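Architecture at a glance
In case you want the letters, here they are:
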Amino acid sequence: MSPKPATVTQYLATLEPGRKKAIQALRKVIKANLDPKIKEGIQYGMIGYFIPHSVYPDGYHCSPDQPLPFVGLASQKNHMAVYLFCIYGDEAEAARFEKQWAKSGKKLDMGKSCVRFKKLEDVCLDSIGAAVKRMTAAKFIKHYEANMVSATARKKKPASKKAAARTSKATPTSAKKKAARKTTARKKRS
């Protein structure tokens, strides 16, 4: 098994010509619209655009030793993909992206942040370039931190009123069962 690519040049060298052409075209669009504070390199085994620790020392919450991911570009087994972390969790930006893509007439195959495609002709490069350009490093960090705060707040609250009711009902039932076991144990000793 060959070692994983450590540089963008090495990554591109592993691709077959059709995929290499598509990834290079996307890379060109991304780099032309990227905030200069965002850097390119290999991250999570793909071409990554990220906010380095020199700009955002906290790094990525899932793995603080990693810089904060912004966009990922990958050639997967069955497709190629652009991971637009820059619009993930931002409903207005995601809607704006999808609306612009729809105007192109091209089919959008998208998850929460992942745009999947088989060939370059399937991609609306203008939509990707515009999404990257609209999200500066400072704007993305602000959005990221706001989402982290709201995610932490959601974890502290019960998921719903029903969940809170189940939690409050659990204690008396547990206490009744515990008391019943004590009574049974006392009866057996007698």
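Residues numbered from 1 in each chain as written. Predicted model: local features only at pLDDT ≥ 70, side-chain atom pairs only at ≥ 80, totals over all residues. Heavy atoms only, no water.

1. Description of the sheet that holds strand E1 (residues 39-43)
Strand order in this open sheet of five strands is E1-E2-E3-E4-E5, and the pairing throughout is antiparallel. Each having just a single partner strand, E1 and strand E5 (114-117) make up the two edges of the open sheet. Pairwise comparison of adjacent strand axes, ignoring direction, gives a mean angle of 20° for this sheet. As judged from the five bridges shared by strand E2 (residues 46-51) and strand E3 (residues 68-75), these two strands associate in the antiparallel manner. (Pairing = 2+ DSSP bridges. Helix = DSSP H or I, 4+ residues; strand = E, 2+ residues; numbered from the N terminus. Axes fitted to C-alpha atoms, helices over the stretch in contact; angles between N-to-C directions.)

2. Focus on the pattern of salt bridges
Under the definition given, this model contains seven salt bridges. Residues glutamate 93 and arginine 134 are paired through a salt bridge, measuring 2.8 Å at the closest nitrogen-oxygen approach. Of this pair, glutamate 93 sits in helix H3 (residues 91-104) while arginine 134 sits in helix H4 (residues 125-134), and the two are 41 residues apart along the sequence. On the basis of relative accessible area, arginine 134 is assigned to the buried category, the value being 18%. Put simply, aspartate 109 and arginine 116 hold a salt bridge, and the shortest N to O gap is 2.9 Å. For aspartate 109, a relative accessible area of 34% translates into the label partly exposed. Each of Glu93, Arg96, Arg134 and Lys139 takes part in a single network of salt bridges with overlapping partners. (Salt bridge = Lys/Arg side-chain N within 4 Å of Asp/Glu carboxyl O. Buried < 20%, exposed > 50% of the residue type's maximum accessible area, 1.4 Å probe, protein only.)

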